[in-house]
Amino acid sequence: MSQNFFKSTRKIIGAGVNYKEILRATNGAKPENPVIFFKPISSLISSNDEDTIKVPKVFGAINYEAELGVVIGKRCKNVAPDQAMSYVAGYCLALDMTGMDFIMDARPKGLPWCLGKGFDTSTPVSRLIHPEELEDPTNVRVWCKVNEQMKQDDSTSNLIFTIPELIAFSSKYMTLEENDLILTGTPAGAGPVKHGDVVECGLGDIVQMKFHIKDEE
């Protein structure tokens, strides 16, 4: 599989509210099922090709959300959780950039999140990380800095719904295809960035990304 897997990705599936610390901080109840949303393919950018995340004119600021991404390796449907990892081709570091003001307005109204999640440059991804590089995806550090200040720092051991559970649940509703990308959720600490800020993030010491935030022209 090419390191530029994202060039043939057909679906980006995101999981919201999927770290235990977020529930503790908000006194929230565990969701009955994963909170799933979609992002368009046009939102994808590679850390190799692009170092700028653009704030759309319709948003005053956007939120950073560092995540472990899971890359599907082969077509699957109705996958059992105990078989789900056999469909994983690899992983990536991802940022799920979000127009949070839009989301906060849409959420209580029961409206879709897509316009707050789908703007151009809102899904930066790293190179493909092969499974042998990430021996234990269930316990990898996810961190994010803004202007060199640590903002997010947690482990995937604290996911509410695990990688196999996310794959199995999503595959009940749709066929997952090669190079589809599942974003597993972001740790507590996500917050706004604006023009002039610099966002750095990583998966442990395996891979890092750095992006400059600029207003859309």
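Please refer to the structure placed before this passage.
Residues numbered from 1 in each chain as written. Predicted model: local features only at pLDDT ≥ 70, side-chain atom pairs only at ≥ 80, totals over all residues. Heavy atoms only, no water.

### As for the overall build of the protein chain
For step 1, the next point in the chain: Counting its secondary structure elements, the protein chain contains four helices and 14 strands.
For step 2, the next point in the chain: For 217 residues, the compact-globule estimate of 2.2 N^0.38 gives 17 Å, and the C-alpha radius of gyration of the protein chain, at 16 Å, lies within 12% of that figure.
For step 3, the next point in the chain: Counting over 217 residues, the protein chain shows a buried share of 53%.
For step 4, the next point in the chain: Pairs at least 24 apart in sequence give 77% of the contacts found in the protein chain among residues at least 6 apart.
For step 5, the next point in the chain: When the accessible surface of the protein chain is split by element, carbon and sulfur atoms take 48% of a total near 10200 Å².
For step 6, the next point in the chain: A distance of 4 Å separates the average location of the 23 positive side-chain charges in the protein chain from that of its 29 negative side-chain charges. (Helix = DSSP H or I, 4+ residues; strand = E, 2+ residues; numbered from the N terminus. Rg over C-alpha atoms; globule rule 2.2 N^0.38 Å. Buried < 20%, exposed > 50% of the residue type's maximum accessible area, 1.4 Å probe, protein only. Contact = heavy atoms within 4.5 Å. Areas by Shrake-Rupley, 256 points an atom, 1.4 Å probe, with all protein chains shown as cover. Lys, Arg positive; Asp, Glu negative; His and termini not counted. Charge placed at Lys NZ, Arg CZ, Asp CG, Glu CD.)

### Focus on unusual backbone geometry
For step 1, the next point in the chain: Residue Asn27 is not a glycine yet carries a positive backbone phi of 55°.
For step 2, the next point in the chain: In this structure, Asn27 sits in the loop between α1 (20-26) and β2 (35-39).
For step 3, the next point in the chain: A relative accessible area of 73% places Asn27 in the exposed class.
For step 4, the next point in the chain: Residues other than glycine seldom take positive phi values, yet Asn179 does so here, at roughly 75°.
For step 5, the next point in the chain: One can find Asn179 in the loop between α4 (163-173) and β11 (181-183).

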